[in-house]
Amino acid sequence: QLLATKRDAPIRLLEIGVDRGDSLRMWRRYFPKAELHGLDVKTISLPDLECALHAFDQTDREAVDRTWADGSLDVIIDDGSHRTEDQLLA
């Protein structure tokens with residue numbers, strides 16, 4: 001319900017915590033026009049999915065600022081470390 005109005009919009013979505021990419025595949029189906037980004041601490045390859053993958057820690061402020069300097073992300077989903085401290089920093 002919270003994201004339904006954005007479903008057919010060309011949004012920029014970041015998911016923190018990619019693992020095997022299952023939820024990124026779900027977001028691709030739900031947001032067909034989105035520019036998807038996945039962030040994980042380990043390098044991941046998802047050749048079946050059109051998205052940008054980034055490998056660094058969600059608490060690395062310099063890497064986050066460097067990667068999304070323009071601040072133009074529309075949706076951020078934090079499914080990363082699940083530690084409160086890390087979530088607050090992210």
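The preceding data block contains the structure.
These remarks concern the structure in this document. (Residues numbered from 1 in each chain as written. Predicted model: local features only at pLDDT ≥ 70, side-chain atom pairs only at ≥ 80, totals over all residues. Heavy atoms only, no water.)

**Observations concerning the packing of aromatic side chains**
Pairs of aromatic rings are described using the distance from one ring centre to the other and the angle between the two planes. Quick note on the threshold: Each pair of aromatic rings taken from Phe, Tyr and Trp, with Trp reduced to its six-membered ring, is defined by centres within 6.5 Å and is described as stacked if the planes are under 30 degrees apart, edge-to-face if over 60, and tilted in the remaining cases. Comment: elements are numbered from the N terminus, with helices defined as DSSP H or I runs of at least four residues and strands as E runs of at least two. Burial classes: relative accessible area under 20% of the type maximum marks a residue as buried, over 50% as exposed, and values in between as partly exposed (1.4 Å probe, protein chains only).
Per the stated rule, a full pass over the model turns up three aromatic pairs. Relative to tryptophan 68, the ring of phenylalanine 56 lies with its centre 6.2 Å away and its plane at 55 degrees, an arrangement referred to as tilted. Here the residue phenylalanine 56 occupies a position in the loop between strand S3 (52-55) and helix H2 (61-67), and tryptophan 68 occupies one in the loop between H2 and strand S4 (75-78), the gap between them amounting to 12 residues. The exposure class assigned to tryptophan 68 is buried, which follows from its relative accessible area of 7%. Grouped by ring-pair contacts, the aromatic residues Trp27, Tyr30 and Phe31 constitute a single cluster.

**A look at the sheet that holds S3**
As a reminder of what qualifies: In this analysis, strands are considered paired if DSSP registers two or more bridges between them. In this analysis, axes come from line fits to C-alpha atoms, helices being fitted only over the stretch in contact, and the angle between any two N-to-C directions falls in the range 0 to 180 degrees. Two residues form a contact once any of their heavy atoms are found within 4.5 Å.
Taken in spatial order, the four strands line up as S3-S2-S1-S4 in an open sheet, and their pairing is parallel. Two strands bound the open sheet, and with one partner strand each, they are S3 and S4. Neighbouring strand axes in the sheet, compared pairwise and without regard to direction, differ in orientation by 15 degrees on average. As paired strands, strand S1 (residues 12-16) and S4 are joined by four bridges and run parallel to one another. Each residue of the ladder has a partner; that of leucine 14, found in S4, is isoleucine 76. Here helix H1 (residues 22-30) sits on the sheet and contacts S1, strand S2 (35-40), S3 and S4; the angle it forms with S2, its principal contact strand, is near 165 degrees.

**Section: the environment of valine 64**
Here valine 64 lies in helix H2. Separated by 10 residues in sequence, valine 64 and histidine 54 have C-alpha atoms that sit 9.8 Å apart. Other than its neighbours up to four places away in sequence, valine 64 contacts Phe56 and Gln58.

**Focus: the nonpolar core**
Grouped burial of nonpolar side chains is what soluble globular proteins tend to show. Which entries qualify depends on this criterion: Among buried residues, those of type Ala, Val, Leu, Ile, Met, Phe, Trp, Tyr and Cys that are joined through side-chain atoms within 4.5 Å constitute a nonpolar core.
Judged by nonpolar contacts, the single largest core of 13 residues is most densely connected at Ile11, Leu13, Leu24, Trp27, Phe31, Leu36 and Leu46. Listed by contribution, the elements that provide at least two residues to this core are H1 and S4. In this structure, Leu14, Ile16, Val64 and Leu73 belong to the second largest nonpolar core, which totals eight residues.

**Let's talk about the pattern of salt bridges**
Stated precisely, the cut-off is as follows: Here a salt bridge means any side-chain nitrogen of Lys or Arg lying within 4 Å of a carboxyl oxygen belonging to Asp or Glu.
On inspection of all chains with the given rule, the structure shows seven salt bridges. Where aspartate 70 meets arginine 12, a salt bridge forms, and the shortest distance between an N and an O atom there is 3.4 Å. Placement of aspartate 70 in the loop between H2 and S4 and of arginine 12 in strand S1 is noted, with a sequence separation of 58 residues between them. On the basis of relative accessible area, aspartate 70 is assigned to the exposed category, the value being 56%. In this structure, arginine 20 and aspartate 22 form a salt bridge, with 3.1 Å as the shortest nitrogen-oxygen distance. What makes arginine 20 exposed here is its relative accessible area of 57%. Here the salt bridges do not stand alone but share partners, grouping Arg20, Asp22, Arg25 and Asp48 into one network.

Note that all results are geometric; they support no functional claim without further evidence.
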